[in-house]
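Listed here are the chains, written in short residue letters.
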Amino acid sequence: MSTDDIEDNSAPLIEHLAELRNRLIKAVLAFVIAMVLCFTVAEPILDFLAGPIVDVLRGRGEDPRLIFTAPQEKFFVLIRISVVGGFALSFPVIAHQLWRFVAPGLYRSEKNAFLPFIVASPLLFLLGAAFAHYIVTPLAMSFFIGFSDAIPALAAVLTGDGLDEAAAVAENSDLRTIFLGSVRESLDLSLKFIFAFGLCFQLPVLLTLMGKAGLVSAQGLRAGRKWAIVGILTMAALVTPPDVFTQLILFCAVYSLYEVSIILVALVERKRNRELREAGLLDDEDDEADA
């Protein structure tokens, strides 16, 4: 028997459905337990997520506190944190249950091919989330909150007055604006950054899998750079708040991952061509034509 055969454990449809039910029950149970555990530490998680905006407010000498405008607002914020944190905490168990259900139907070579991507995908998501939390969110919060300070400076430049005169006018104005951050809205913005960058950092995994399936090639990705730039800019405009600064950061990060994906797809193609050449299914002329 070939070492690349599917495992000999074929079962009737009812047994497959029962197996799927058991796997789903275990996954849901792990999620519920993780969500309850995260709810017990939801306040520290909220403090961690609000860290960038608190640092910006302290740097400006303002009161580093967030408010809630409805009695139930903070409770549902903590519930949302528990749901997101519970899914992140239970994801290894959920992925393991999914793998245990799918793996018996795969060839051994397919298992060996998919396993690195299953490991790389959550790591890349964590890398993107960390990039968003520690780099993008502080820069975006500083830009948004500090925008009110830019108005007097811009007025001073346009009118020819000095910055001190503009600041004095703003100080003596009857209308004063002050930032009172909402817990819900601030958390939503932070989570949008985390999910946007976490998902965009999956690009190398997606393109490399497509390269292994023969759906894309390194040559095609190189030829499509201009379309990739347009697509990444469009995606950045859709998944980030409407400020050019954050969109440019996301574009630079994702386009760098696009170039990394080209290298990974080229390595996949080189390995596949070497295996085909060893099997006598590919000659050097065909290899050069595909390069």
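Values in this document were obtained by computation on a predicted structure and should not be read as measured data.

**Q** Report on the side chain of Gln-202, specifying residues and quantitative values.
**A** Along the polypeptide, Gln-202 turns up in the loop between α8 (183–200) and α9 (203–212). Overall, the relative accessible area of 15% leaves Gln-202 in the buried class. A distance of 3.4 Å separates a polar side-chain atom of Gln-202 from the backbone oxygen of Gly-198. Those residues in contact with Gln-202 that sit more than four places away from it in its chain are Ser-121, Leu-124 and Phe-125.

**Q** Any chance you could break down helix α2 (residues 42–49) for me, citing the residues and the numbers?
**A** Regarding α2, the residues found buried are Ala-42, Leu-46 and Leu-49. In an axial view of α2, the angular spread of the buried residues amounts to 65°, which keeps them on one side of the axis.

**Q** Can you break down the UniProt feature "transmembrane region" (unreviewed entry) in the protein residue by residue, with the values?
**A** When the UniProt feature table is mapped onto this chain numbering, "transmembrane region" (unreviewed entry) sits at residues 24–42, 75–94, 114–136, 193–215, 227–242 and 248–268. Its end C-alpha atoms 31 Å apart, residues 114–136 is made of 100% helix and 0% strand.

**Q** Account for the pattern of salt bridges, with residues named and values stated.
**A** According to the stated counting rule, one finds six salt bridges in the structure shown. Notably, a salt bridge pairs Arg-23 with Glu-19, separated by 2.7 Å at the nearest N-O pair. Pair noted here: Arg-23 and Glu-19 are both in helix α1 (residues 13–40), with a separation of four residues, about one helical turn. Its salt-bridge partner being Asp-188, residue Arg-184 comes within 3.9 Å of it at the nearest N-O pair.

**Q** An account of the environment of Ile-45 is requested, with residue identities and associated values reported.
**A** Within the fold, Ile-45 resides in helix α2. For Ile-45, a relative accessible area of 25% corresponds to the partly exposed category. Each C-alpha atom, one on Ile-45 and one on Ser-82, is 9.0 Å from the other, the two residues being 37 residues apart in sequence. With residues near it in sequence (within four places) discarded, Ile-45 still touches Cys-38 and Ile-81.

**Q** So what's going on with the packing of α2 against helix α4 (residues 73–102)? Which residues, and what values?
**A** In contact at an axis separation of 10 Å, α2 and α4 are set at 90° when each is read in the N-to-C sense. On the basis of the axis angle, α2 is roughly perpendicular to α4. The residues of α4 that touch α2, namely those facing Ala-42, Glu-43, Ile-45, Leu-46 and Leu-49, are Lys-74, Val-77, Leu-78, Ile-81 and Ser-82. The residue inventory of the contact of α2 with α4, partitioned by class, reads seven nonpolar, one polar and two charged.

The rules behind the values
- Within each chain, residue numbers correspond to sequence positions counted from 1 in written order.
- Where local features are concerned, this predicted model is filtered to residues with pLDDT of at least 70; where side-chain atom pairs are given and counted, the filter is 80 or more; whole-chain, interface and lining totals use all residues.
- Calculation of side-chain values draws on the structure's entire complement of heavy atoms; hydrogens and water are dropped beforehand.
- For the purposes of this entry, the term helix denotes a DSSP run of H or I that reaches at least four residues, the term strand denotes a run of E that reaches at least two, and both are numbered from the N terminus.
- Remark: exposure states derive from per-residue accessible area (1.4 Å probe, protein chains only) relative to the maximum for the residue type, with buried under 20%, exposed over 50%, and partly exposed in between.
- Pairing of N or O atoms within 3.5 Å defines a polar contact, subject to two protein rules: one partner must be a possible hydrogen donor and the other a possible acceptor, and residues neighboring in sequence count only if both atoms are side-chain atoms.
- Note on definitions: a residue-residue contact is assigned when non-hydrogen atoms from the two residues lie within 4.5 Å.
- Comment: arc refers to directions from the helix axis out to C-beta atoms.
- UniProt positions are given in the numbering used here, feature names are shortened, and annotations may be inferred rather than shown by experiment.
- A carboxyl oxygen of Asp or Glu within 4 Å of a side-chain nitrogen of Lys or Arg is what we treat as a salt bridge.
- Here, axes are lines fitted to C-alpha atoms. For helices the fit covers the stretch in contact, and angles between N-to-C directions go from 0 to 180 degrees.
- Our angle categories are set so that under 35 degrees counts as roughly parallel, over 145 as roughly antiparallel, 65 to 115 as roughly perpendicular, and the remainder as oblique.
- Residue type decides the class: Asp, Glu, Lys and Arg count as charged, Ala, Val, Leu, Ile, Met, Phe, Trp, Tyr, Cys and Pro as nonpolar, and the leftover types, Gly among them, as polar.

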